[in-house]
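Reading the structure
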Amino acid sequence: MKRMIEEIHSFTWKKALAPEWDKPYMQELKAFLEDEATQGKQILPPKDLWFEALNVTSLDKVKVLILGQDPYPTVGHAHGLCFSVLDGVKPLPKSLKNIYKELHDDMGIDNAHTGNLESWARQGVLLLNAVLTVEAGNANAHKDKGWEEFSNRVIELVSAECENVVFVLWGAFAQKKALLIDVSKHLVIQDPHPSPLSAYRGFWGSKPFSRANVYLVEHGKEPIEWSIENKKGDSLFDI
C-alpha cells in the first residue's frame, strides 16, 4: 500500500500533519487497512478519496468544520466528505435529507437535487469524518482502529492555526470533541444529530446554517453560500 501521506495533496495539511505518520497509532492503522485489503474486503471510499476533505479544504481556508462519524457503507455513496454523496445518488441518505430540511426551514434553500456537498467544501467548509474509512456494507467496521486519533489532531490543528471557525458538532459523539477546541476564539454549535432517531429532539429549528453565517460576517469573513446550483429543477419535496 502506498504511503498514506502521499494521498494528501494539500500542502498546508501535509506540512501540519507530517509528525503523525510515524506515530504508533498510524502504523497500526496502516497495518489494519493493509490486512483488510489482503483479505479482499472492500474499503470505502476508494483510497484516493480517503483524505478528500483535507484536499478540497486546505487548513488555511477553513471557515466551518462539520464533523461526521464515518463514511456511508454503501458502494457508490461515500467520497470522502462527511454527509455528502456522489452525484446521481438517489434517494438521499436520511441524515442528509434531514440536514436539507433544516436548511430549507432555516434559510429557504432547496438543495435536494444533489447530495454532493463539494461546493460547500470549496468555500471553506471542512466536511470531516472522525473515521475516514469503512468496510463496504459494515458500518463502524473501522471504529477504534486509529482514525479517531488522526481526526482529533485535525480538529486540534484547525482550533490552533485558524481564527473564528464555526465548529458544527451534531450528536453526542461529535460533541465529545468540543474539548479539543479553543472556545475563546471559535464558535461551537452543539445540537442533536440529524439522523431520523434524534432529529426531532432539537435538530429541527436549530438554524446552524444562518448562525454560522452570522458569526462569519461578524468576524469579517465571507458567509457560506449554502445553496448548490440546481441544473435539473428537482424539488426538495420530490425526493
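Preceding block: the structure.
Right, let's walk through the structure included here. (Residues numbered from 1 in each chain as written. Predicted model: local features only at pLDDT ≥ 70, side-chain atom pairs only at ≥ 80, totals over all residues. Heavy atoms only, no water.)

1. Focus on the packing of aromatic side chains
The cut-off we apply is this: Aromatic pairs are defined between Phe, Tyr and Trp rings, using the six-membered ring for Trp, whenever the two ring centres lie within 6.5 Å; interplanar angles under 30 degrees are classed as stacked, those over 60 as edge-to-face, and all others as tilted. Under the DSSP-based scheme used, a helix requires at least four consecutive residues in state H or I and a strand at least two consecutive residues in state E, with every element numbered from the N terminus. Per-residue accessibility, obtained with a 1.4 Å probe over protein chains only, is compared with the maximum for each type, and a residue is labelled buried under 20%, exposed over 50%, and partly exposed between these values.
This structure, assessed with the given rule, holds 12 aromatic pairs. Taking 5.7 Å as the distance between ring centres and 65° as the angle between the ring planes, the aromatic pair formed by Phe51 and Phe150 counts as edge-to-face. Taken together, the positions of Phe51 in the loop between β1 (43-44) and α3 (52-56) and Phe150 in helix α6 (residues 147-161) put the pair 99 residues apart, joining distant regions of the chain. A single burial state applies to Phe51 and to Phe150, both of which are buried. An aromatic cluster is built from Trp21, Trp50, Phe51, Trp147 and Phe150, whose rings are joined through pairwise contacts.

2. Some points on unusual backbone geometry
With an omega of -10°, the peptide bond running from Leu44 to Pro45 counts as cis. Among the structural elements, Pro45 can be located in the loop between β1 and α3. Here Lys90 and Pro91 are connected by a cis peptide whose omega angle stands at -5°. Structurally, Pro91 can be placed in the loop between β2 (64-68) and α4 (94-107). The backbone of Asp144 shows a phi angle near 60°, a positive value even though the residue is not glycine. When you line up the elements, Asp144 lands in the loop between β4 (134-135) and α6. Residue classification places Asp144 among the exposed residues on the basis of a relative accessible area of 57%.

3. With respect to the sheet that holds strand β5 (residues 166-170)
Applicable threshold: Here, any two strands with at least 2 DSSP bridges between them count as paired. To obtain each axis, a line is fitted to C-alpha atoms, and for helices this fit is confined to the stretch in contact; angles are then taken between N-to-C directions over 0 to 180 degrees. Any two residues whose heavy atoms approach within 4.5 Å at even a single point are treated as in contact.
Strands sit in the order β3-β2-β5-β6 across an open sheet of four strands; the sheet is parallel. At either end of the open sheet lies a strand with only one pairing partner, and these are β3 (125-129) and β6 (187-191). In this sheet, adjacent strand axes meet at a mean angle of 20° when their direction is disregarded. Of the pairings in the sheet, the one linking β2 to β5 comprises four bridges and is parallel in character. Paired with Leu67 across the bridge in β5 is Leu169. Packed on one face of the sheet, α6 meets β2, β3 and β5 and runs near 155° to β3.

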